[in-house]
Amino acid sequence: MSPVEPIRVLVVEDDPVAADAHVLYVGRVPGFVAVGRAGTGAAARRALDRTPVDLLLLDLHLPDVHGLQLARSLRAAGHQADVIAVTSARDLAVVREGVSLGVVQYVLKPFTFATLRDRLLRYAEYHAAAGEASGQDEVDRALAALRAPAPAALPKGLSAPTLERVTGVLRERPEGRTAAEVAEEAGISRITARRYLEYLVDAARAARRPQYGQVGRPELRYHWLRER
């Protein structure tokens, strides 16, 4: 029995740091291999002409073309690779348009390795389905493989409305905020603010850095991770 061929992925991302991370992430998922990277739509087209690819990990905001426009032109040129879109855009009209262009998953920035790994493993299950379905149930199972699990419940003691307020404070303050400042602006206690801020850090949606003052221990300053 011949070994199963890995799923070949082309990473299309113009930010070099993000591209390096995405290539590394893909390489850490069993059954996948990153066969190249491209920083523009034009470079992606050249790479696809040279190398067979099963899946594009595609940033939608490229310097020379929108990702969906690129996907449309690739379909017209006969390229059949599926697409996992990487974006901070939350416009559902864009999501609907992408479905018709071979976008099988969306991953919202910023995301963790665990999130991408889940999407890739679900895609692998979908990709492995072949042959003729025995009935409706088998068709449903093949499509269900692409569906993301239900959102994870927040840790005990955290609420969605308060998390939304804390998130809003950080997003509106690119210079960052301390837990005390977030507490004041969100109308919660400092201890509560720190719990939510640490949750956002653990979820890779915020970062913390020490802020050194005149005397005493440095205070932590929290920054929302930039979205593109």
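In the block above lies the structure referred to throughout.
Residues numbered from 1 in each chain as written. Predicted model: local features only at pLDDT ≥ 70, side-chain atom pairs only at ≥ 80, totals over all residues. Heavy atoms only, no water.

### What about the pattern of salt bridges?
For the structure shown, the criterion picks out 11 salt bridges. In this structure, Arg-8 and Asp-54 form a salt bridge, with 3.0 Å as the shortest nitrogen-oxygen distance. Placement of Arg-8 in strand E1 (residues 7-12) and of Asp-54 in the loop between helix H2 (41-50) and strand E3 (55-59) is noted, with a sequence separation of 46 residues between them. The exposure class assigned to Arg-8 is partly exposed, which follows from its relative accessible area of 31%. Residue Glu-175 pairs with Arg-177 through a salt bridge whose shortest N-O separation is 3.1 Å. (Salt bridge = Lys/Arg side-chain N within 4 Å of Asp/Glu carboxyl O. Helix = DSSP H or I, 4+ residues; strand = E, 2+ residues; numbered from the N terminus. Buried < 20%, exposed > 50% of the residue type's maximum accessible area, 1.4 Å probe, protein only.)

### Some points on the sheet that holds E3
One open sheet accounts for five strands, arranged E2-E1-E3-E4-E5; its pairing is parallel. The open sheet has two edge strands, strand E2 (32-38) and strand E5 (103-108), and neither has a second partner. Averaged over neighbouring strand pairs, the angle between their axes works out to 20 degrees when direction is ignored. Summarising the sheet, E3 and strand E4 (residues 82-87) pair through five bridges and their orientation is parallel. (Pairing = 2+ DSSP bridges. Axes fitted to C-alpha atoms, helices over the stretch in contact; angles between N-to-C directions.)

### So, the pairing of E4
Every regular strand shows the same layout, with side chains that alternate between the two sheet faces. By the criterion of burial, E4 is predominantly enclosed, with six of the six residues buried. The alternating pattern of E4 places Asp-82, Ile-84 and Val-86 and Val-83, Ala-85 and Thr-87 on opposite faces, both of which are buried. Crossover connection from E3 via helix H3 (residues 67-76) to parallel E4: handedness right-handed. Bridge analysis of E4 against E5 gives five bridges, and the strand direction is parallel. Each bridged residue has a counterpart across the sheet, and for Val-86 the counterpart in E5 is Val-107. (Right-handed = clockwise from strand over helix to strand, strands pointing away.)

### Observations concerning the side chain of Thr-87
The residue Thr-87 is located in strand E4 in this model. The class of Thr-87 is buried, set by a relative accessible area of 1%. Excluding anything up to four places from it in sequence, Thr-87 contacts Leu-60, His-61, Tyr-106, Val-107, Leu-108 and Lys-109. (Contact = heavy atoms within 4.5 Å.)

### Some points on the pairing of strand E8 (residues 219-224)
Pairing of strand E6 (residues 177-178) with E8 involves two bridges; the strand directions are antiparallel. Pairing of Thr-178 across the sheet is with Arg-221, part of E8.

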